[in-house]
Amino acid sequence: MDFICIGVSHRTAPLGIRERLALPEARQTELLQRLAQAPVEALWVSTCNRVEVYLAAPTAEQARERAREALRSLGGEEALEHLYEHQGEAALVHLFRVASSLDSMVLGEAQILGQVKDAFERGQGAGAVRGELTRACAAAFGCAKRVRTETAVGRAATSMASAAVQLASKVFDGLKDKTVLVVGAGEMGELAARHLMNAGAGKLIVTNRTLARAGALVAQVGGVARPFEELFTLLLSADVVVTSTASPVPLFTRENVGALGKARRGRPLFLVDLAVPRDVDPAVGTLDWVHAYDVDDIQKFVADNAAQRAEEAHKAGGLVAQEVARFARERALREGMPVLARLRQRAEAIARAEVERTLLGLGDGLSDKQRKSIEAMGRAIVNKLLHEPTARLRAVGPQGEGNRLAGAAAELFGLTEEEAAAIAPEPEAVPLANVVATGSRR
């Protein structure tokens, strides 16, 4: 099986392209089931900064075209111009880096690992993630845990939400006497609310389509919860708005925001949109009294902060290389073991036959100890003969080298595919509980 990764991210595609590819979970499941026609496996990772398809397939070209067509159908021909592709070990390296937050807009952010785990769960639930991708994801999650515990790349990392709050504090020279409104009580909304309170916001208001969820959030961080129907009434008094909902269309347009200008008497409004697709129509930013920012604007703001963590990121990259190499060795060993099993089976059969022939020729004059010594000698010859090929397969490094060595052994010794099927049945998927245990959840 070969690994392929195809997608777009904040590094290759503008926000307008990325939001075309953002799908609700139900549609992600439908797409996964179309992509993952046996024996192909598929994983769909979608965040505000990336949309990626990971595939495990016997033939890379067929799987690649299927994924490209799916992305083209969502984002149009223009989306294809922004795609990147990784194959083989490069695809594994990319997955490990993404899970470890080394490819994030905000280096070291903790949220991406949880998002990849959520994607993994959806893939398993849809039957699209099975043996190969399950093992790859388990290894990627383990790698992310090492990066978090063995490097400082995630310590004091600026998240998207905290960057938005820092930017608001900079614009207003502090938030002490400001009214801040958080729209959406999901993960990003929760982070924003916590950072706003830590930044000393004068008054925090949280609104959400489900009022109970907004109430649960303010019970944890402080502030007040208000019904979503009051959104534009709340906007009248807000100085800062951080919005992150799953709305498929913009909540804030030039018309509905502009209508509040007279009542606000031109008082500045700071709008930060952390949603993809966007909650704030870009035209809102043309209003004189509105400062509107989206995730691409936040990227520019946090770029300077990334430089100070470059050394830790380099160290983390070394850990990723180690973990990918470890996974490749284990994979090569798995692929080589059926051949070794067939070779050992053949060698043991020959040894048994020769030992029996020898014992028969020697007649009944041998003691039990002598007979056992001859049998032990047969086993020892087999073990010593197979020690070197077993050691070489265990020590194999680059992905694919195990296949080459195992294939050569099978050809030299005339080992058949029928024997392989009998000895090495299809591997079962690793249970989800075993996978998520390799790294902490959000």
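Residues numbered from 1 in each chain as written. Predicted model: local features only at pLDDT ≥ 70, side-chain atom pairs only at ≥ 80, totals over all residues. Heavy atoms only, no water.

**Re the overall build of the chain**
Quick reminder of the rule: Helix numbering and strand numbering both begin at the N terminus, where a helix is a DSSP run of H or I of at least 4 residues and a strand a DSSP run of E of at least 2. Burial status follows relative accessibility: with a 1.4 Å probe on protein chains alone, a residue under 20% of its type maximum counts as buried, one over 50% as exposed, and anything between as partly exposed. Method for areas: the Shrake-Rupley scheme with a 1.4 Å probe, in which residue coverage is limited to the protein chains shown.
A count of helical and extended segments in the chain gives 18 helices and 10 strands. Residue burial in the chain is summarised as follows: out of 442 residues, 48% are buried. Surface exposure of the chain reaches about 20900 Å², of which carbon and sulfur atoms provide 53%.

**Let's talk about the sheet that holds strand β2 (residues 41-46)**
By way of backbone hydrogen bonds, the strands of a sheet pair with one another, either parallel or antiparallel. What counts, and what does not: At least two bridges found by DSSP between two strands are what make those strands a pair. Inter-axis angles, ranging from 0 to 180 degrees, are taken between N-to-C directions of lines fitted to C-alpha atoms, where helices are fitted over the stretch in contact. Any two residues having at least one pair of non-hydrogen atoms within 4.5 Å are treated as being in contact.
Ordered by their spatial adjacency, 4 strands build an open sheet running β2-β3-β1-β4, and the pairing between neighbours is antiparallel. The open sheet has two edge strands, β2 and β4 (84-87), and neither has a second partner. Across the sheet, the mean angle from the axis of one strand to that of its neighbour is 15°, orientation sign disregarded. Looking at chain direction, strand β1 (residues 2-9) and strand β3 (residues 50-57) are connected through 8 bridges and run antiparallel. Each residue of the ladder has a partner; that of F3, found in β3, is A56. Across the sheet, helix α4 (residues 89-99) lies against β1, β3 and β4, angled at about 135° from β3, the strand it touches most.

**As for the nonpolar core**
The following threshold applies: For the purposes of this section, nonpolar cores are sets of buried Ala, Val, Leu, Ile, Met, Phe, Trp, Tyr and Cys residues that join through side-chain atoms within 4.5 Å.
If you look at the biggest cluster of nonpolar residues, it comprises 38 residues, and the most contacted ones within it are L196, L274 and I298. Among the secondary structure elements, those contributing two or more residues to this core are α7 (160-172), β5 (179-183), α8 (187-198), β6 (203-208), α9 (211-221), β8 (240-243), β9 (269-273) and α13 (295-307). Setting aside anything within four residues of it in sequence, one finds L196 in contact with V165, L175, V180, V182, A201, L204 and V242. Within the second largest apolar cluster, 37 residues are counted, among which are L92, A144, L319 and V320.

**Some points on the UniProt feature "binding site: NADP(+)" (unreviewed entry) in the chain**
The criterion, for reference: UniProt positions are given in the numbering used here, feature names are shortened, and annotations may be inferred rather than shown by experiment. Only protein atoms enter the 1 Å grid used here. Points where a 1.4 Å probe fits but cannot escape make up a cavity, open sets with protein on both sides within 12 Å along at least five of seven lines make up a pocket, and a residue lines them when an atom lies within 4 Å of a point.
Within this numbering scheme, the UniProt entry marks G184, A185, G186, E187, M188 and G189 as carrying the feature "binding site: NADP(+)" (unreviewed entry). Those annotated residues lining the largest cavity are, specifically, M188. Checked against the element boundaries, G186 lands in the loop between β5 and α8. With a relative accessible area of 23%, G186 lands in the partly exposed category. With respect to the helices and strands, M188 occurs in helix α8. The class of M188 is buried, set by a relative accessible area of 16%. In contact with M188, not counting residues within four places along its chain, are M160, A161, S244 and L274.

**Overview of the packing of aromatic side chains**
What counts, and what does not: When two rings of Phe, Tyr or Trp (its six-membered ring) have centres within 6.5 Å they constitute a pair, described as stacked for plane angles under 30 degrees, edge-to-face for angles over 60, and tilted for the intermediate range. In this scheme, the term charge over a ring applies when either NZ of a lysine or CZ of an arginine sits within 6 Å of the ring centre and within 35 degrees of the ring normal.
Considering all chains together, one arrives at 6 aromatic pairs under this definition. Judged by centre distance (5.8 Å) and plane angle (90°), the ring pair of F120 and F141 falls under edge-to-face. With F120 in helix α5 (residues 111-125) and F141 in helix α6 (residues 131-150), this pair connects stretches of sequence that are 21 residues apart. You'll find F120 and F141 in the same group, each marked buried. Three or more aromatic residues joined by ring pairs form one cluster here, namely F3, F96 and F327. A cation over an aromatic ring shows up here: K117 above the ring of F141, its NZ or CZ 5.5 Å from the ring centre.

**Comments concerning the layout of surface pockets**
Rule in force here: Grid points are joined across faces, edges and corners, and a volume is the space filled by probe spheres set on the points.
Taken as a whole, the largest pocket encloses approximately 1200 Å³ of empty space. In terms of lining, the largest pocket is formed by 32 residues, of which the most central are E25, S244, T245, A246 and V276. Elements that contribute at least two residues to the lining of the largest pocket include exactly α2 (25-35), α5 and α8. Looking at which element gives the most residues to the lining of the largest pocket, the answer is α5, with 4 residues.

**Focus: the sheet that holds β9**
Pairing is parallel across the open sheet formed by 6 strands, whose spatial order is β7-β6-β5-β8-β9-β10. The open sheet has two edge strands, β7 (224-227) and β10 (290-293), and neither has a second partner. Adjacent strand axes in the sheet meet at a mean angle of 20° when their direction is disregarded. Summarising the sheet, β9 and β10 pair through 4 bridges and their orientation is parallel. In the strand pairing of β10, F270 is matched with H291. Across the sheet, α9 touches β6 and β7, and the angle it forms with β6 is around 150°.

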